[in-house]
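Examination of the molecular architecture
Listed below are the residues making up each chain.
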Amino acid sequence: MRVITGKARGVRLKTLEGLDVRPTTEKVKEAIFSAIQFELEGRRFLDLFAGSGQMGIEALSRGAAFCVFVDRSRSAIQTVQDNLRKTGLTEQAAVRNQTAESFLASNTEPFDLAFLDPPYHNGVAASMLPLLEGQIRPGGAVICETAQEEEMPEAVGSLQKYREYHYSKITVTIYRK
């Protein structure tokens, strides 16, 4: 797993081990960033369920001003911190070791873009949308990576489904505010 482009282009990132880990593939990552490429510069990005932090690090490498990484796993948080140091992007990041729900309940700074890649097959992505809706600035977007068979709503409050992309067993759904 590596940073595809930008300031940290080519840097190999540390990954997590285990059966529950499924990093976003480079093909899917490239497609996501192609879809939002003109929306990153100077923006605030949220990497919820961060894992290794590769999506937030890619956003920072491509010009995002700041990224908050959230994961409840201590090993994931350590991996994110190691990857931020390795890419030289630590100063543009905040790393939070807490659940997505507790972070969203206490957060007061809005985001322009949010990426969610929660555990598959239990509706977590859809359940996060109402909590995220008030934390996304007008014109912002929420990108959800889910298993293909998971149903995502057409709208949640001011978040409207904009596009849906299918890659093998994965679906990427983009909501716009």
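Before reading on, note that the structure itself is shown above.
The notes below deal with the structure included here. Keep in mind that what you see is a predicted model, and the values were worked out from it rather than measured. (Residues numbered from 1 in each chain as written. Predicted model: local features only at pLDDT ≥ 70, side-chain atom pairs only at ≥ 80, totals over all residues. Heavy atoms only, no water.)

**As for the sheet that holds strand S7 (residues 159-167)**
Strand pairs in the sheet, formed through backbone hydrogen bonds, run parallel or antiparallel to each other. Taken together, the eight strands give an open sheet; going across it, the order is S3-S2-S1-S4-S5-S8-S7-S6, and neighbouring strands pair in mixed fashion. The open sheet has two edge strands with one neighbour each: strand S3 (93-97) and strand S6 (155-156). Bridging between strand S2 (residues 66-71) and S3 involves five bridges; their strand directions are parallel. From the neighbouring strand, Val-70 faces S3, where its bridge partner is Arg-96. Of the strands in this sheet, S2 and S3 touch helix H3 (residues 74-87), which is tilted by about 165° from S3. (Pairing = 2+ DSSP bridges. Helix = DSSP H or I, 4+ residues; strand = E, 2+ residues; numbered from the N terminus. Contact = heavy atoms within 4.5 Å. Axes fitted to C-alpha atoms, helices over the stretch in contact; angles between N-to-C directions.)

**Description of the side chain of Thr-173**
Among the secondary structure elements, Thr-173 is positioned in strand S8 (residues 170-176). Here Thr-173 falls in the buried class, since its relative accessible area comes to 0%. Beyond its immediate stretch of four places on either side in the chain, Thr-173 contacts Val-142, Ile-143, Cys-144, Met-152, Lys-161, Arg-163 and Glu-164. (Buried < 20%, exposed > 50% of the residue type's maximum accessible area, 1.4 Å probe, protein only.)

**So, unusual backbone geometry**
Residues other than glycine seldom take positive phi values, yet Phe-49 does so here, at roughly 60°. By the element assignment, Phe-49 lies in the loop between strand S1 (44-48) and helix H2 (54-61). Phi at Ser-168 is positive, roughly 55°, even though this residue is not glycine. Assignment of secondary structure puts Ser-168 in the loop between S7 and S8. Owing to a relative accessible area of 64%, Ser-168 belongs among the exposed residues under this scheme.

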